[in-house]
Amino acid sequence: MAQGKLIDGKQIAAELRQELKSEVATIAIRGVTPGLTVVLVGNNMASETYVRGKIRACEEVGIRSDLIRLPEETEEDTLLAEIDRLNQDETVHGILVQLPLPRQISEEKVIARIRPKKDVDGFHPINMGKLATGLKGAFLPCTPHGILQMLKRSHIEIAGKHAVVVGRSNIVGKPVSLLLQKENATVTMCHSRTKDLAYFTRQADILVAAVGKYGLITRDHVRPGAVVIDVGMNRSPEGKLAGDVMFEEVREVASHITPVPGGVGPMTIAMLLYNTVEAAKAALDS
Ligand SMILES: Nc1nc(=O)c2c([nH]1)NC[C@@H]1CN(c3ccc(C(=O)N[C@@H](CCC(=O)O)C(=O)O)cc3)C=[N+]21
């Protein structure tokens, strides 16, 4: 059986970290160590794993990382006050509040409270708005930016191609569609109310699956030779980590495919480091 090429996110992320490491060394000569503060509210098992990954990656690259843990029952005002403090702290270049947050806290309010210059997630309305209008100087959201880097570093042409994005979330679907348009792709958005999903996905040269539904994309959804990017993070019925794409069967028709794990996830973290280094560089120049 034919097999599509694996886009090795783990490998590309490792390359990126090496590049960032030398960049951090250059900044260090000017007396600044990039600093990332991660705020984790409550004890969500998945969040613990992700946060550990972020902190380990920071260490490798030479970014100073701090983890602030707050209890599950933290009031919104307490978290907002903590963000105000981090906004003022000159040694903190990036602030990341791990999502999801407990029910009593408005994610929208929390994101809006972070200074846009420290918003290394790229979730603040100012950064989202800059991306949407094409203004320079925005932090790009990490997962969409990571996807773009994977495509570019795998020498996959984007201009003039038909990209189909499944999922319209603020953190992946919407921004990745904007980035792909900026790269001159023709972009189609699909979502939970799309009728006949396969009709659309079969037209994709580049298919981005960002829904969070195990088994959503099967061989029948994919045109032979398409590039398939799997952003999903699910558990298979056997309890294994798996994306939205039925990897084995889709690999037989795709020209390129990202695995889960080892695809988009590590790239997300690498781009978070990238944004943190950018934030530190901007602080040097100001
Ligand atoms: N403010 C905020 N920013 C985020 O960027 C953010 C967040 N909240 N909340 C949760 C999601 C999820 N996320 C992941 C990052 C890396 C992997 C990753 O590296 N995954 C590994 C596997 C890790 C494992 O073994 O579980 C992989 O795909 O190879 C996964 C998920 C960032 N998120």
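Parameters at a glance
- Residues numbered from 1 in each chain as written.
- Predicted model: local features only at pLDDT ≥ 70, side-chain atom pairs only at ≥ 80, totals over all residues.
- UniProt positions renumbered as here; feature names shortened; annotations may be inferred.
- Helix = DSSP H or I, 4+ residues; strand = E, 2+ residues; numbered from the N terminus.
- Rg over C-alpha atoms; globule rule 2.2 N^0.38 Å.
- Buried ≥ 20, exposed ≤ 12 C-beta atoms within 10 Å, placed from the backbone.
- Contact = placed C-beta atoms within 7 Å.
- Pairing = 2+ DSSP bridges.
- Axes fitted to C-alpha atoms, helices over the stretch in contact; angles between N-to-C directions.
- Core = buried A, V, L, I, M, F, W, Y, C linked by C-beta atoms within 7 Å.
- Domains from an automatic or database assignment.
- Parallel < 35°, antiparallel > 145°, perpendicular 65-115°, else oblique.
- Nonpolar A, V, L, I, M, F, W, Y, C, P; charged D, E, K, R; others polar.
- Arc of directions from axis to C-beta.

For the chain, the name recorded in an unreviewed UniProt entry is Bifunctional protein FolD, with Marinithermofilum abyssi as its organism. We quote the UniProt Sequence similarities (unreviewed entry) comment for the chain here in full: "Belongs to the tetrahydrofolate dehydrogenase/cyclohydrolase family."

### Some thoughts on the overall build of the chain
A tally of regular secondary structure across the chain gives 10 helices and 11 strands. Over its C-alpha atoms the chain spans a radius of gyration of 19 Å, differing by no more than 12% from the 19 Å that the globule rule assigns to 286 residues. Seen along its three principal axes, the alpha-carbon backbone of the chain occupies a region of about 55 × 40 × 35 Å. Expressed as a percentage of the 286 residues in the chain, the buried residues total 46%. Here the analysis covers contacts within the chain between residues at least 6 apart in sequence; of these, 69% occur between residues at least 24 apart.

### A word on the sheet that holds strand β7 (residues 206-209)
Read across the sheet, six strands follow the order β1-β11-β8-β7-β5-β6 without closing on themselves; strand pairing throughout is parallel. Strands at the two margins of the open sheet, each flanked by one partner only, are β1 (5-6) and β6 (186-190). As paired elements, strand β5 (residues 162-166) and β6 share five bridges and run parallel to each other. In the sheet register, His162 faces β6, and the bridge partner there is Thr186. Across the face of the sheet, helix α7 (residues 173-182) comes into contact with β5, β6 and β7 while running at roughly 165° to β6.

### Things to note about the nonpolar core
With 83 residues, the main nonpolar core has Leu207, Val208, Ala209, Val228, Val250 and Leu273 as its most contacted residues. Sort the elements by how many residues they give to this core and helix α10 (residues 264-285) lands first, with 11 residues. Of the domains in this structure, domain 1 (33-116) and domain 2 (141-265) are the two that each give at least three residues to this core. Not counting residues within four places of it along the chain, the set of residues in contact with Val208 comprises Ile147, Ala163, Val165, Val166, Val176, Ile229 and Val231.

### Here's the deal with the domain arrangement of the chain
You can read the domains of the chain as domain 1 (33-116) and domain 2 (141-265). Each of domain 1 and domain 2 has a C-alpha centre, and these two points are 28 Å apart.

### So, the packing of helix α6 (residues 142-153) against α10
Here α6 crosses α10 at 110°, and the two axes come no closer than 8 Å. In this view, α6 runs roughly perpendicular relative to α10, as classed from their interaxial angle. Only Val264, Met267, Thr268, Ala270, Met271, Leu272 and Asn275 of α10 make contact with α6, whose side of the interface consists of Cys142, Thr143, His145, Gly146, Ile147, Gln149 and Met150. Looking at side-chain class alone, the contact of α6 with α10 contains eight nonpolar, six polar and no charged residues.

### Some words on helix α5 (residues 125-133)
What α5 keeps buried is the set Asn127, Met128 and Leu131. In a view along the axis of α5, the buried residues occupy a sector of 100°, so they form one face of it. For α5, exposure combined with an orientation more than 90 degrees from the buried face picks out Gly129 and Thr133. Where α5 is buried, its residues meet α7. One or two residues past the end of α5 sits Gly134, with phi positive at roughly 80°.

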